[in-house]
Amino acid sequence: MTLLACSCGRVEYQATGPAILAVVCYCDDCQEGGRRIEALPNAPPVLGADGGTSCVLYRKDRVRCTRGAELVTKLKLRDKTATNRLVATCCNSALAMSFDDAKHWMPLFRTRLRGETRPLDMRICTKFAPDPEKIPKDVPVHRSFAFSFIARLIGARIAMMFGR
């Protein structure tokens, strides 16, 4: 089991089972979302020094809020987007992302995870990075969404369909 908590500890989530994968995303939306959250009063950092947002993706059926749900608000970058950034209003900690559409995964912000977490698998959407030269080469680096990224998401969806 993986525990995610806001910086003051009033909001907690639990994720069960293995993570789908762990990524650092450099897309425009992740950068803008990070900047907006970091601009909130006393908000802890979301973006890494290289401009990326580090997340561990879980199947959404394996993630649940166990404490402080009433303190969680959704931040949308645009009115009609399906993507929500979940923020703890008690301390303005970025917690996770959720989707209003049929996406079956939930990215949890690595900065909020407690205990052992899945090692980083890849860096994606690096063509949007503020300075691509500063991106570490410690894992595979992809200019957009890698085939292996999509394949793991599809594999997780198939496992959900068969109740695994």
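Residues numbered from 1 in each chain as written. Predicted model: local features only at pLDDT ≥ 70, side-chain atom pairs only at ≥ 80, totals over all residues. Heavy atoms only, no water.

Draft legend 1. Expanded view of the side chain of Arg85. With respect to the helices and strands, the residue Arg85 is situated in strand β7 (residues 83-88). Here Arg85 occupies a buried position and makes no salt bridge, while the nearest side chain of opposite charge, Asp29, is found at 5.4 Å. Setting aside anything within four residues of it in sequence, one finds Arg85 in contact with Asp29, Cys30, Gly33, Ile37, Thr73, Lys74, Leu75, Leu77, Ala96, Met97 and Phe109. (Helix = DSSP H or I, 4+ residues; strand = E, 2+ residues; numbered from the N terminus. Buried < 20%, exposed > 50% of the residue type's maximum accessible area, 1.4 Å probe, protein only. Lys, Arg positive; Asp, Glu negative; His and termini not counted. Salt bridge = Lys/Arg side-chain N within 4 Å of Asp/Glu carboxyl O. Contact = heavy atoms within 4.5 Å.)

Draft legend 2. Structural detail: unusual backbone geometry. At Asn42, a position not held by glycine, the phi torsion is positive, near 60 degrees. Counting through the fold element by element, Asn42 comes out in the loop between α1 (28-38) and β4 (53-59). When its relative accessible area of 77% is taken as the criterion, Asn42 is described as exposed. In this structure, Asn92 takes a positive phi of about 60 degrees despite not being glycine. Note that Asn92 resides in the loop between β7 and β8 (93-99).

Draft legend 3. Geometry of the sheet that holds strand β2 (residues 12-15). Taken in spatial order, the four strands make up an open sheet running β5-β2-β1-β10, and their pairing is antiparallel. Because the sheet does not close on itself, it has two edges, and the strands there are β5 (63-67) and β10 (113-114). As judged from the four bridges shared by β2 and β5, these two strands associate in the antiparallel manner. Looking at β5, one finds that Gln14 is bridged to Arg64. (Pairing = 2+ DSSP bridges.)

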